[in-house]
Amino acid sequence: MFNFSVYQELTCIAEGSGQFYCRVGAMVAYKGNFTSEKVLLDPNSRNQGLLRSVMNLASRKLTGENIPLMRVSGSGTYYMANRARHISVITLEPGQSIGVESENLLAFTEDCKYGVRFIGVGVVSQKGLFTTNLTAIGKNPQVVITTEGNPIVLETPCVVDPDAVVCWTGPDPQFKFDVNWKTFIGQSSGESYCFEFTQPGEIVIIQPSERISGLDIGID
């Protein structure tokens, strides 16, 4: 079993043996014996049939949430990073799910079920109608995310900028509109709509950097 940890803020270390998943191009170094293979269909394919795996792949492609992933197997210490972005490791509770922006997902253990989920509020924010979803299904469900700058962790309820949100637990957000007479005469704050998370006791992580438009999920 692998365990993830943060090394010097900008690197994720996977230590142990077995297998885990990370986005293609994430590896920067390793010590030990490892092999990697690109995931062609579905990370969950070993626990479900071929037809279900093909359907999951099709849904990810149609929704724009098909992150290039590789399955890493072996033992030792594996170092991962992405463009010197800050790293955070999230450990999920049994059965807990987390919604993650695809461009911010770096890796996850095999104890997480990987998929997509619909969030209708995305149509207004230009962030897309869907987000990547990871659900805890085993003993060590860990998810690794990246952020532009140090992450800001908020407990719900809270209101956030859609272009700064990275991931969240609990129910998906609703829209909070700021439309009044000042908006129509050009005197508004510039934040005409926000994401509102209303259920208490959940977690939202944002980054101190707004996306300009759309999502960039590649790794150089």
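Residues numbered from 1 in each chain as written. Predicted model: local features only at pLDDT ≥ 70, side-chain atom pairs only at ≥ 80, totals over all residues. Heavy atoms only, no water.

1. Overview of the pairing of strand S16 (residues 203–206)
Then, number 1: In this structure, strand S11 (residues 152–155) lies alongside S16, joined through four bridges in antiparallel fashion. When the bridges of S16 are listed, Leu154 appears paired with Val204.
Then, number 2: Inspection of the sheet shows strand S13 (residues 165–169) paired to S16 by three bridges, in the antiparallel sense. Directly across from Cys167, in S16, lies its bridge partner Ile205. (Pairing = 2+ DSSP bridges. Helix = DSSP H or I, 4+ residues; strand = E, 2+ residues; numbered from the N terminus.)

2. Considerations on the sheet that holds S13
Then, number 1: On the basis of which strands lie adjacent, the open sheet formed by six strands has the order S8-S9-S6-S13-S16-S11 and antiparallel pairing. This sheet does not close on itself; its edge strands, each paired only once, are strand S8 (112–118) and S11. Pairs of neighbouring strands in the sheet enclose a mean axial angle of 20°, with direction left out of account. (Axes fitted to C-alpha atoms, helices over the stretch in contact; angles between N-to-C directions.)

3. Overview of the sheet that holds strand S12 (residues 158–160)
Then, number 1: Strand order in this open sheet of three strands is S12-S15-S14, and the pairing throughout is antiparallel. Looking along the sheet, the strands with just one partner apiece sit at the ends: S12 and strand S14 (174–177). Pairs of neighbouring strands in the sheet enclose a mean axial angle of 40°, with direction left out of account.
Then, number 2: Bridging between S14 and strand S15 (residues 193–197) involves four bridges; their strand directions are antiparallel. Within S15, the residue paired with Phe175 across the bridge is Phe195.

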